[in-house]
Every structure is written in structure tokens, then in C-alpha cells.
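# Summary of the model geometry
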Amino acid sequence: MNESRPALEERFKDTDDPLRLVFVCAMWLTGFDAPSCSTVYLDKPMRNHRLMQTIARANRVFPGKHSGVIVDYANVFTSLEKALAIYGAGKGGANPVKGKEALVLELRKAVEAATVFCLSHHVDLDAIEKLPLGGLERLERLEFAINALISPDPLRIQFLGHERLVITLFRAVKPDPVALEFMGRVSCIAAIADAIRAKLNPNPVDVSMVMEGIGKLLDESITGARIPGTAGGLLDLSKIDFVALAKRFKASTTKNTDLEELKAAIRAQLEKLIRLNKTRTNYADKFEELIESYNSGSRNIEDLFEELLKLSRNLSDEQQRHARESMTEEELVILDILTRPAPELTSYERTEVKKVAWDLLARLKQLLVLNWRQKSSARSQLKMTIEDVLDTGLPRAYEKPLYQQKCSAVFEHLYESYPERDAGVYADEAG
């Protein structure tokens, strides 16, 4: 025990370590804090403060954990009421320790609530469960369920909230044999939810991986559902035939799913474009405005899809704009900072601003020394260089207030995007 590396204490706290069960006494029983610990087995009498401390070992908050379980082999809980009277009960004077049947009741209510919610949106989980596993009709029903529950955003959020509660309670009830009663319904809900997440994931996983996760949840005794495969993962906006996609959408029977897949592709593209160039936030504002108009009911799904296709085309054009300007993305962002907004410029003046962007970036990158953000002298030199280059190179149409604003904006961009020499968002992109 003393020679274990890492130490046994660290290994037990590590949820990825195979060490799962320890026999303990003394400090590990009362003074040991492992929030992921979910079950404590008691085989000797305890009372008062020692009993309260021991119970608390399994009742620490941890992600995905609903409650702790105490397995009492020594009839310890006859001393519990006395201990609670001395050291205090739970909130509102309630007993913090309940029989597992109360947890089973919570699970039953959560499953019923999720079932009713799905049925209110024409998804009959009971009917899906009765169909043969892997059969065509079952797969069609699951595809319909995904389409019905994936959109709009508030509806999907509600469904995934039901699913998270059901899964959390189901995990808490296991390994009690009563969990078998709920296995089919839980697996069906989980299959639909994981399929929805897979369709919205910018880096979609293989469907078999999703099923593997559900299988682990259900101890490889899954009897509930198989998920229809995703159509090749996330849409690539740069390769979309927008006319063909619009025609396909008009004839689609899964418009909600098609819409959410397009939204996921746009959102991923926006994140990439804005990470490289913060001046593009207007595209994100437009995207969120369109989604909000649909969620509020002021725009139907066909209108939204058409508007998103237009936005997709604009994003594809924006992605190639640096090539049309004969610049790198890194150079283009400096140009955009200097010209968004900018005074009225002639074609010649805009060309001069572009030259300033090229020159400024090259000079600034030469000044990026190790730990430059922590060195006042390095920061001052960068600021002076920005001011000198812009003062010398920008057209006279840039009056002093605008000139000062551009100096500050360029330095802020540099500070955020180049945390270290030869490191930052553009180095990551190149890699």
C-alpha cells in the first residue's frame, strides 16, 4: 500500500483507474474525501459523529452522480435517528437517508414523465419497444422520433433534460434487480438522445461508439433500440450543392433533422471563422437572430432553412475571401480591423491600407519574444510599433480618434491571438 505509485488514495479518486473497491478503517473511513465514491458497505457498529462522517463519504456531489448508497450489514441505522438528533438532519429537518425504494419511485416518475413528454410530440416509446430489434419498422420509428424531438431548440432541450434525469436515476438504482424493469424504456430514451447528440456534434462519433456507450450503461444487456446511422457526419459547407440540398429538403420527411444538421454545420463553421477573425461576429449575430425567430414561432421551418442556406453560401464565400484579397487569414484579420469600420477610401487608399496590414503583421511577429505578454518592455515596444506603422502608413482619412481606436484594436487582437511566440490560433490552424 505504501509503495503504490500513484498512491492508492490518488488511484481510488481517479475515475479512470481500475481500482474500484477498497477495505478501509480509521482515516479512510471518516476523514477521506473521494467525491466519486458512490457506495459504502458497513460491517461493524457505529454511532454518533463517526456514523455521520461515514455516511457522508458516499454523499459527496460529483458529475453524473445522483446519490450515494449505504449498504448496512450491521444494522447500523438503528443509531441513525439518535445521531441526526445530535448532529442535525438534512434541509427542512428531513432525514437525508432513505430506503432505496424511494429512489426507485423517483426513477419510475422520471420515466413516466419522459414517456408522456415524448407522446405529447407523437413519439410512442411503448410502440417502439414492442417492435423487433433491428427491424425496418423499428428503425423508421426511431428516425421519426429523432426528427420529432430534435427541433426546435427549446423542445430538444426539454427532451434531453428528461433523458439526463432518467439516466442519472437509472445509474443510481443499479445494480438493484429492479432496474431490469426499466431497462427497455431507458435504453430507448438513451438511444434517441444519443442519436440527436451525434447529429449535432461538430466531430461526430461512429454510431457503433454511441451504442457501445449505451451498452455500458445497461451492462451489455441492452434490449431497447438501435440507432439509425448518420448520413456521413457533419455537412461540409464548402462542398454543398445548395440547389440540390434545397430540393431534397422540400421532399424530406425528416425536416427537423435536416434543419438541425445544417445548423450544426453552420455553427461549427462560424466557430472556426470567428476564432480566426473576431470581426466576423456579425455572421454569428445573424445566425442567432434566425434561430431565435424560428424558436419564437415568427418563422416557419421552410423559411428558416432557406435563410440558413443563404447564410451558408455567405460563409463559404467568406472562407475564401483571404484568397481573393491575396492574403493569408492572419493578414486578412489585420486588414479587417483597419477597415471595419473605416472612412470612405478610394481604391488606391484601400490598397495602401492592405500594404500597411502586410507590413505591420511582419514587423509585429518579429517582436514577439518569449513570455512577451508578461514583459512590460515587450508590450510597450509592440504598442509603439503599431502606432508608428499606422501613423506613417494609413491614409489621412483616418482622423486621430479613429487612428487611436485602430491602434488599440490591433494590440488587443495581438494580445488575444498570440499568447506566445510561434503559438496561437493561426499556428494551430496551420498545424
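Throughout, residues of each chain are indexed from 1 in the direction in which the sequence is written. Confidence filtering applies because this is a predicted model: local features only for residues at pLDDT of at least 70, side-chain atom pairs given and counted only at 80 or more, and all residues used for totals across whole chains, interfaces and linings. Excluding hydrogens and water, the side-chain values take into account all heavy atoms of the structure.

On to the overall build of the protein chain, then. When its secondary structure is counted, the protein chain shows 20 helices and 2 strands. Any pair of residues with heavy atoms lying within 4.5 Å of one another is described as a contacting pair. Partitioning the intrachain contacts of the protein chain with sequence separation of at least 6 by distance along the chain shows that 69% fall at a separation of at least 24. Strands here mean DSSP runs of E at least two residues long; helices mean DSSP runs of H or I at least four residues long; both are numbered from the N terminus.

This part covers the packing of aromatic side chains. Any Phe, Tyr or Trp ring, taking Trp's six-membered ring, that has another such ring centre within 6.5 Å forms a pair; planes under 30 degrees apart are called stacked, those over 60 apart edge-to-face, and the others tilted. For the structure shown, the criterion picks out 6 aromatic pairs. Consider the rings of Y41 and Y73, whose centres lie 6.5 Å apart with planes at 15°: the pair is stacked. Residue Y41 is located in strand β1 (residues 39-42), and its partner Y73 is located in the loop between β2 (69-72) and α4 (80-87); the two are separated by 32 residues in the primary sequence. Each residue is placed in one exposure class: buried if its accessible area under a 1.4 Å probe, protein chains only, is under 20% of its type's maximum, exposed if it is over 50%, and partly exposed if it falls in between. Given the relative accessible area of 61%, Y73 is considered exposed. Aromatic pair W372 and F411: ring centres 6.3 Å apart, planes at 85°, arrangement edge-to-face.

Quick look at unusual backbone geometry now. The step from S151 to P152 runs through a cis peptide bond, and the omega angle for that step is 0°. With respect to the helices, strands and loops of the structure, P152 is situated in the loop between α7 (136-149) and α8 (153-173). Omega for the peptide link from K174 to P175 comes to 0°, which places this bond in the cis form. Mapped onto the fold, P175 is located in the loop between α8 and α9 (183-200). Although it is not a glycine, H122 sits at a positive phi angle of roughly 70°.

Another point: the side chain of E260. Mapped onto the fold, E260 is located in helix α12 (residues 255-276). The exposure class of E260 is buried, given its relative accessible area of 1%. Two N or O atoms count as a polar contact when they lie within 3.5 Å, although within protein this holds only if one can serve as hydrogen donor and the other as acceptor, and sequence-adjacent residues are included solely when both atoms are side-chain atoms. Side chain to side chain, E260 and R156 meet in a polar contact 3.1 Å long. For E260, the residues in contact, after removing those within four places along its chain, are I150, S151, D153, R156 and L200.

Should a side-chain nitrogen of Lys or Arg be within 4 Å of a carboxyl oxygen of Asp or Glu, the pair is scored as a salt bridge. Scanning the model with the defined rule gives 25 salt bridges in all. K255 is the partner of E302 in a salt bridge, and the nearest nitrogen-oxygen pair spans 3.2 Å. In this pair, E302 is assigned in helix α14 (residues 301-319) and K255 in helix α12, connecting sequence segments 47 residues apart. A salt bridge links K263 to E260; the shortest N-O distance between them is 3.0 Å. With a gap of 3 residues between them, K263 and E260 both fall in helix α12, about one helical turn apart.

Helix axes are fitted only over the stretch in contact, all axes being lines through C-alpha atoms; the angle between N-to-C directions runs from 0 to 180 degrees. Interaxial distance between α7 and α12 falls to 7 Å at its minimum, and their mutual angle equals 60°. The orientation of α7 relative to α12 falls into the category oblique. Handedness of the α7/α12 crossing: left-handed. Facing α7, whose interface residues are I146, N147 and A148, α12 presents K255, N256 and T257. Orientation is classified from the angle alone, with under 35 degrees giving roughly parallel, over 145 giving roughly antiparallel, 65 to 115 giving roughly perpendicular, and any other angle giving oblique. It is the rotation of the near helix from the far one that decides the hand of a crossing: anticlockwise by less than a right angle makes it left-handed, clockwise makes it right-handed.

Residue placement: V123 occurs in the loop between α5 (100-120) and α6 (125-130). Of the residues examined, V123 reaches a relative accessible area of 2% and is grouped as buried. With 23 residues separating them in the primary sequence, V123 and I146 have C-alpha atoms 9.0 Å apart. Aside from chain neighbours lying at most four places away, what touches V123 is C118, I128, F144, A145, A148 and L149.

So, about α7. For an α-helix, the turn length of 3.6 residues means that residues three or four places apart are oriented alike. Taking 1.5 Å of rise per residue, 14 residues should cover 20 Å, and α7 covers 20 Å from first to last C-alpha, within 8% of that figure. Within α7, the full set of buried residues consists of R138, L142, A145, I146, N147, A148 and L149. Those residues of α7 that are buried lie in contact with α5, α6, α8, α9 and α12. To estimate the expected span of a helix, count its residues, drop one, and scale the result by 1.5 Å.

Each patch is built from salt-bridge-free residues with over 30% relative accessible area, joining like charges within 9 Å and nonpolar side chains (Val, Leu, Ile, Met, Phe, Trp, Tyr) within 5 Å. All accessible-area figures derive from a Shrake-Rupley calculation using a 1.4 Å probe, and residue coverage is judged against the displayed protein chains alone. A contiguous nonpolar surface patch, about 580 Å² in accessible area, is contributed by L21, F23, Y41 and Y73. Structurally, F23 is set in the loop between α1 (8-13) and α2 (26-30).

Let us now look at the confidence of the model for the protein chain. Across the chain, each position has a pLDDT score giving the predictor's confidence in that residue, from 0 to 100. For the protein chain, the mean per-residue pLDDT works out to 84, and 84% of the residues sit at or above 70. Of all helices and strands in the protein chain, the one with the weakest mean pLDDT is helix α10 (residues 207-217) (48), whereas helix α18 (residues 376-393) scores best (95). Low pLDDT, under 50, characterises residues 205-212; the stretch is placed with 12 contacts to residues that sit more than four places away or in other chains. Long-range and interchain partners of residues 220-227, a stretch whose pLDDT sits below 50, account for 31 contacts in this model, where long-range means more than four residues apart.

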